[in-house]
Amino acid sequence: MNIEDIAIRTDIRPGDLGYVIYRHGKLYSEESNFGVLFEMYVAEGMSEFYTNYNPELDRVWICEDQGKMIGFLLLMHRQNKTAQLRYFFLEPEYRGIGLGKKLMMLFMEFLTEKQFRSVFLLTVARQSSAIALYKRYGFSLIEEVDSAIFGEPLKEQRYELHLNYK
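Calculation notes
- Residues numbered from 1 in each chain as written.
- Predicted model: local features only at pLDDT ≥ 70, side-chain atom pairs only at ≥ 80, totals over all residues.
- Heavy atoms only, no water.
- Helix = DSSP H or I, 4+ residues; strand = E, 2+ residues; numbered from the N terminus.
- Buried < 20%, exposed > 50% of the residue type's maximum accessible area, 1.4 Å probe, protein only.
- Contact = heavy atoms within 4.5 Å.
- Axes fitted to C-alpha atoms, helices over the stretch in contact; angles between N-to-C directions.
- Parallel < 35°, antiparallel > 145°, perpendicular 65-115°, else oblique.
- Left-handed = near helix turned anticlockwise from the far one by under 90°.
- Nonpolar A, V, L, I, M, F, W, Y, C, P; charged D, E, K, R; others polar.
- Pairing = 2+ DSSP bridges.

Attention now moves to the overall build of the chain. A count of helical and extended segments in the chain gives four helices and seven strands. Ordering the α and β elements of the chain from the N terminus gives β-α-α-β-β-β-α-β-α-β-β. Each principal axis of the C-alpha distribution contributes one length, and for the chain these read about 45 × 40 × 30 Å. In the chain, buried positions account for 45% of the 166 residues. Long-range pairs, those at least 24 residues apart, make up 64% of the contacts in the chain between residues at least 6 apart in sequence.

Shown next as C-alpha cells:
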C-alpha cells in the first residue's frame, strides 16, 4: 500500500455523505461495539453540515484508492471563527501509512488559510491513536464526561486548539 496511490479530493459528490455515515456505523460497531444510535448521531451531524455548507468555510477531504472511499475528514465552520473537526476515519488497512498525518496537515493548512481562531473536536477516550495524532497538532483535552450514549460505557472527550495569527 502506497500513500502516493491515494487520491484526495475536496468536492462532495452524490453518495459521499451517506457512505461516510454507513462506514462510521459499521466501523464503530465492529471496533467499539457502538449501536445504531451512533450512526444516527453521525447522520444528524452530517445533515447539519450539509444544510449549512459554505464552500468558503467548510471542507471535506475524501481519500480514494482506485475510486473507492477509504478515508474521510471534515472541517465544519461554527460561530466566532471557530471550526469543528468531524468524521475522521480511515479504513483499517490504510492506517499506519501516514495518511492520517497527511489529512491533518491539509486540515491545519485550511484552518490557517481561513484564519479560524479555534477548532474543537469531540471523541471518546478509547480512540487512542487518533487522540495521539490530535495532540501532535496541539489539541488539548478540555473536558471529559462518563457516558453510555452510544450503547457502551465510555468517556466522551472534547479537545480544543486555539490559534494565534501575527
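Attention shifts here to unusual backbone geometry. Leaving glycine out, the prevailing phi sign among residues is negative, and the prevailing peptide bond configuration is trans. Positive phi is not limited to glycine here, since N33 has a value of about 65 degrees. Position of N33 relative to the elements: it lies in the loop between α1 (16-32) and α2 (36-51). At K81, a residue that is not glycine, the phi angle is positive and equals roughly 60 degrees. With respect to the helices and strands, the residue K81 is situated in the loop between β3 (68-78) and β4 (82-90).

This part is about the packing of α1 against α2. Closest axis-to-axis distance for the α1/α2 pair is 9 Å, and the angle between their directions is 155 degrees. If you check the angle between α1 and α2, you find them roughly antiparallel. Both α1 and α2 take part in a crossing whose hand is right-handed. Between α1 and α2, the contacting residues are L17, V20, I21, Y22, H24, G25 and Y28 on the first element and F38, E39, V42, A43, M46 and Y50 on the second. Here the contact of α1 with α2 is composed, by residue class, of ten nonpolar, two polar and one charged.

On to the pairing of strand β6 (residues 140-147), then. With seven bridges connecting them, β6 and strand β7 (residues 154-162) associate as antiparallel partners. What sits directly across from L141, in β7, is Y159. Counted between consecutive antiparallel strands, the loop separating β6 from β7 contains six residues, among which G151 sits at a positive phi close to 95 degrees.

Two strands in a sheet stick together by hydrogen bonds in their backbones, pointing the same way (parallel) or opposite ways (antiparallel). Read across the sheet, seven strands follow the order β1-β2-β3-β4-β5-β7-β6 without closing on themselves; strand pairing throughout is mixed. Because the sheet does not close on itself, it has two edges, and the strands there are β1 (7-9) and β6. Neighbour-to-neighbour, the strand axes of the sheet open up by a mean angle of 20 degrees, direction not taken into account. With seven bridges connecting them, strand β5 (residues 118-124) and β7 associate as antiparallel partners. Following the sheet pairing, L121 is matched in β7 by Y159. Those strands touched by helix α3 (residues 99-113) are β1, β2 (59-65), β3, β4, β5 and β7, and its axis lies near 160 degrees from that of β4.

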